[in-house]
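Residues per chain are reported as follows:
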Amino acid sequence: MMRPEDHMIPGGANADIRPLTHGEGGLAWEGVAFDTLAEEFGSPLYVTSFPALRATTDSLRSALACSGLEGRLAFAVKANPVPGILGALVGQDVGLVVMSGHELHLALAVGVHRANIIVHGLSRHRDLAETAVFAHAGLIVAECLEDLALLERTASRARLPVEVALRVSPGLKRSRFFKVGGPGPAGFRPDSEDLETGLLMLSRSPYLRLNALSFHVGTGLSEASLYRRALLASRSVWRESLAQGLRPAVLDIGGGFGLSHVRTHTPGQLLASLLLQRGRAPRPGPTATSLMHQAGLAVKEVFAPLGEDGPRMIVAEPGRALVGPCQHLVVTVQSLGIRNGRRYAICDGGAMSLSPLLLGERHRIEPISGSGARTALYDLVGNTPAPLDLIASGVRLPVLHPGDRLLIRDVGAYFSCLGTNFSGPRPGIVGLDGERAFELRPAETFDHIFGHDTWTSRTQLVP
Ligand SMILES: Cc1ncc(COP(=O)(O)O)c(C=O)c1O
C-alpha cells in the first residue's frame, strides 16, 4: 500500500479523530489511499479505521469520567453489527447493547463477557426474555409492567437471578420525540401507578434485582439539554426506588449522541430537501465527546443531592457516536447528465448502500482523486431507477468524470446494516490497522444473495 505524504485536512475536533490525508495517491486514511483500496477490494466499499475506533472509544470514555462515577461504554450492536468491528470494541472492554435474540447470539459469538451485555427490546421480542435470562446477561431492561411480569415468570421457571434495569420515560413531549427521532414514550414515569406497582413487584421478587435505571432520549442529538430532563425524571424514580427499599447502583444514560459533521434532518426538513432538491450542507456542531461530557456533568449535578445513595456507575450506550466517524464509504461515478438544468452523477452506491431516507442524514462528501479548479453543483444518486435513490443533492465538487471516486464520510452507523441489494450486491467492508488493509466482509456475490433460495433449473419451486 502506498504511503501518501502527511498533509492534514482541516476538520472538527472529535469528528475527525483520525484525519484524512492528501498524498500522491489521492485522499488517504491511516496511510492507505482510498483509490488503492477500491482497486484491490472493489467499489462501492466501506473502509473502517481501527485506530479511529480505539481513539473514539478512549475519547468517549474519558468524557464520561467527568460524572465522577465509574464509567462504562456499551455499544448498541444494531448500529453496526459486523463481527470484526464488534470484536474490536469488545477487545477495548466495551460492552454490547442488544435488542433481539439474533443480536444476543452475535454478542456472545464475538466473545463479550456476559456481564457486559445489556438487553433491550423485551416488548418487541417476547422470546428474548428467556434467551437473555439463560445467557446470564448483565442487565435486562424492563420498560413496562408486562416486561417485569415476563421476566419474573422466566426467572422463576429457570430458577436464575436476573439483574433488572428499569427503563425511565425521559418525559419528553410526543412532538419532541418526533423531532429527535426518539423512541416514543417507553418506560416508567415518576409518580405513576405503574412505577409503584413495578417497584413493588421488584421488592417482592425472589429472582429479580433492581440494579439499574436506564433511559434513551433519542438519536442524532446535538444538544445535551434532553439528557438533563431525562436525568431529572431518573432521579425521581431513583428516589422512589430507595423509598421502596431497593438500591440500584447503575445509571444507564442510553445513546443518541450525534456526530459533529452529520446533519440530521427532521422529517419536515427531509421532505423539503427532497421536494426542493436542495439540501443544506453539514456544518460542524458539538462533537459527540462534548455532548457526552455535558451529559456526564449533568449526572454529577443532578444526582449530587442523593450522595452515597446515588449511582455508583454510569453506563452510556452510544451507537452512532462510537462507530459513525470510524467508517467512510467509497463510491465511483458511473455516468453524468443534466436534467431540468441540474447536473447529476449516477454512482455505484445509492440506496443499496446508503439510506438517507431512513436516517434523514446528510454527510460530508469529497473527491478522492482529482481536484480540478473548476467546480459544479451535483445531485448524487445511486443506480436504482427510483427518484428517491438520492445520496445528496446540491453538493459542490470538482467537475466530475465517469470513473471518479467520491468519499461519503462518517457512515459507520446504520449504513451497512440498512443497505439493501435491490439493485446490486451490497458493498464489502475493509478494516485498516497499522497500514494494513484486511477484509471484514467481502462484497456480496450472486451466491450470497441467492444461495438460500430454492429453485429448479426450470424455475419451478421444489415441493
Ligand atoms: C436503547 C438504545 N440505546 C442505544 C441506542 C443507540 O443510539 P445512537 O446510535 O443514536 O447512539 C439506541 C438506538 O436507537 C437505543 O434504542
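Residues numbered from 1 in each chain as written. Predicted model: local features only at pLDDT ≥ 70, side-chain atom pairs only at ≥ 80, totals over all residues. Heavy atoms only, no water.

Undergrad: Can you help me understand the sheet that holds strand β9 (residues 162–167) in this one?
TA: Strands in a sheet are paired, the pairing made by backbone hydrogen bonds, and the direction either parallel or antiparallel. Taken in spatial order, the eight strands line up as β5-β6-β7-β8-β9-β10-β11-β13 and close into a barrel, and their pairing is parallel. With strand direction ignored, the average angle separating the axes of adjacent strands in the sheet is 30°. (Pairing = 2+ DSSP bridges. Helix = DSSP H or I, 4+ residues; strand = E, 2+ residues; numbered from the N terminus. Axes fitted to C-alpha atoms, helices over the stretch in contact; angles between N-to-C directions.)

Undergrad: Sorry, what's going on with the packing of aromatic side chains here?
TA: Where two aromatic rings form a pair, the distance of their centres and the angle of their planes describe that pair. Enumeration according to the criterion identifies six aromatic pairs in this entry. Judged by centre distance (4.8 Å) and plane angle (45°), the ring pair of F446 and F450 falls under tilted. Note that F446 and F450 are positioned in helix α14 (residues 446–450) at a spacing of four residues, about one turn of the helix. Here F450 falls in the partly exposed class, since its relative accessible area comes to 34%. Each member of the aromatic cluster is reached from another via a ring pair, and the members are F215, Y227 and F257. Its end group placed over the ring of Y344, R339 keeps NZ or CZ at 5.7 Å from the ring centre. (Phe/Tyr/Trp six-rings, centres within 6.5 Å; stacked < 30°, edge-to-face > 60°. Buried < 20%, exposed > 50% of the residue type's maximum accessible area, 1.4 Å probe, protein only. Lys NZ or Arg CZ within 6 Å of the ring centre and 35° of its normal.)

Undergrad: Mind showing me how you'd approach the pattern of salt bridges here?
TA: Side-chain pairs of opposite charge can arise where the charged atoms are in close proximity. Following the criterion strictly, the structure yields 16 salt bridges and no others. In this structure, E163 and R209 form a salt bridge, with 2.8 Å as the shortest nitrogen-oxygen distance. One end of the pair, E163, is in strand β9; the other, R209, is in strand β10 (residues 208–214), and 46 residues separate them in sequence. Given the relative accessible area of 23%, E163 is considered partly exposed. The partner of R426 in a salt bridge is E444, and the shortest N-O contact between them spans 2.8 Å. Of this pair, R426 sits in the loop between β20 (405–408) and β21 (428–433) while E444 sits in the loop between β22 (436–441) and α14, and the two are 18 residues apart along the sequence. The exposure class assigned to R426 is partly exposed, which follows from its relative accessible area of 29%. Residue classification places E444 among the buried residues on the basis of a relative accessible area of 17%. (Salt bridge = Lys/Arg side-chain N within 4 Å of Asp/Glu carboxyl O.)

Undergrad: Mind showing me how you'd approach the site of the ligand here?
TA: What surrounds the ligand is a group of 14 residues, the closest being T219, G256, E317, R320 and Y414. Within the contact set of the ligand, an oxygen atom lies 3.0 Å away from a side-chain nitrogen or oxygen of K78. Between the ligand and E317, the relevant distance is 2.6 Å, taken from a nitrogen atom to a side-chain nitrogen or oxygen of the residue. The residue makeup of the shell around the ligand, split by class, is four nonpolar, six polar and four charged. (Near = heavy atom within 4 Å. Polar contact = N/O pair within 3.5 Å; in protein donor to acceptor, adjacent residues only side chain to side chain. Nonpolar A, V, L, I, M, F, W, Y, C, P; charged D, E, K, R; others polar.)

Undergrad: Sorry, what's going on with the side chain of S214 here?
TA: Note that S214 resides in strand β10. Its relative accessible area of 0% is what places S214 among the buried residues. If we skip the residues at most four places from it in the chain, S214 touches H120, V141, A165, L166, R167, V168, D252 and E317. (Contact = heavy atoms within 4.5 Å.)

Undergrad: Looking at this structure, how should I read the sheet that holds strand β2 (residues 26–29)?
TA: Sheet architecture is open: three strands sit in the order β1-β2-β3, paired in antiparallel fashion. The sheet terminates laterally at β1 (21–23) and β3 (32–33), the two strands that pair on one side only. Two elements, β2 and β3, share two bridges in a ladder whose sense is antiparallel. Pairing of A28 across the sheet is with A33, part of β3.

Undergrad: Explain the environment of I408 to me, please; I cannot follow it from the model alone.
TA: Residue position: I408 is located in strand β20. Residue classification places I408 among the buried positions, given a relative accessible area of 3%. In contact with I408, other than residues within four places in its own chain, are H328, L329, V331, L354, H363, R364, I365 and I391.

Undergrad: Sorry if this is basic, but what is going on with the environment of P442 here?
TA: For P442, the position within the fold is in the loop between β22 and α14. On the basis of relative accessibility, which here comes to 42%, the residue P442 falls in the partly exposed class. Sequence-wise, P442 and R426 are 16 residues apart; in three dimensions their C-alpha atoms are separated by 9.1 Å.

Undergrad: Help me understand the confidence of the model for the protein, please; the structure alone is not making it clear to me.
TA: Do not read the predicted coordinates in detail wherever pLDDT is low. Mean pLDDT for the protein: 88, with 87% of residues reaching 70 or above. Contacts for the low-pLDDT stretch residues 1–13, under 50 throughout, to residues beyond four places or in other chains number 37 contacts. Considering only residues more than four positions removed or in separate chains, one finds that residues 174–183, a stretch of pLDDT under 50, has 23 contacts. (pLDDT = per-residue confidence, 0-100.)

Undergrad: What exactly am I supposed to notice about the nonpolar core here?
TA: Nonpolar side chains in soluble globular proteins tend to end up buried together. Counting 124 residues, the largest nonpolar core has F34, L37, L151, L166, I253, F257 and L380 as the members making the most contacts within it. Among the elements that take part in this core, helix α11 (residues 288–303) stands out by supplying eight residues, more than any other. Here this core spans two domains, and each of domain 1 (14–50 + 325–450) and domain 2 (51–322) adds at least three residues to it. In terms of nonpolar packing, the next biggest core, distinct from the first, is built from 13 residues, M99, I118, L139 and V315 among them. (Core = buried A, V, L, I, M, F, W, Y, C linked by side-chain atoms within 4.5 Å. Domains from an automatic or database assignment.)

Undergrad: Looking at this structure, how should I read the side chain of E30?
TA: Within the fold, E30 resides in the loop between β2 and β3. Engagement of the side chain of E30 in a polar contact is seen with the side chain of R18, the distance being 2.7 Å. If near-sequence neighbours (up to four positions away) are discounted, E30 is found in contact with R18, S49, P51, A52, L432 and E435.

Undergrad: What's the story with a negative patch on the surface in this structure? I'm lost.
TA: Together, E146, E193, D194 and E196 make up a region of like negative charge exposed at the surface. If you tally residues by element for the negative patch, the top one is helix α8 (residues 193–204), at three residues. Counting through the fold element by element, E196 comes out in helix α8. You can call E196 exposed: its relative accessible area is 52%. (Patch = residues over 30% accessible without salt bridge, like charges linked within 9 Å, V, L, I, M, F, W, Y side chains within 5 Å. Areas by Shrake-Rupley, 256 points an atom, 1.4 Å probe, with all protein chains shown as cover. Lys, Arg positive; Asp, Glu negative; His and termini not counted. Charge placed at Lys NZ, Arg CZ, Asp CG, Glu CD.)

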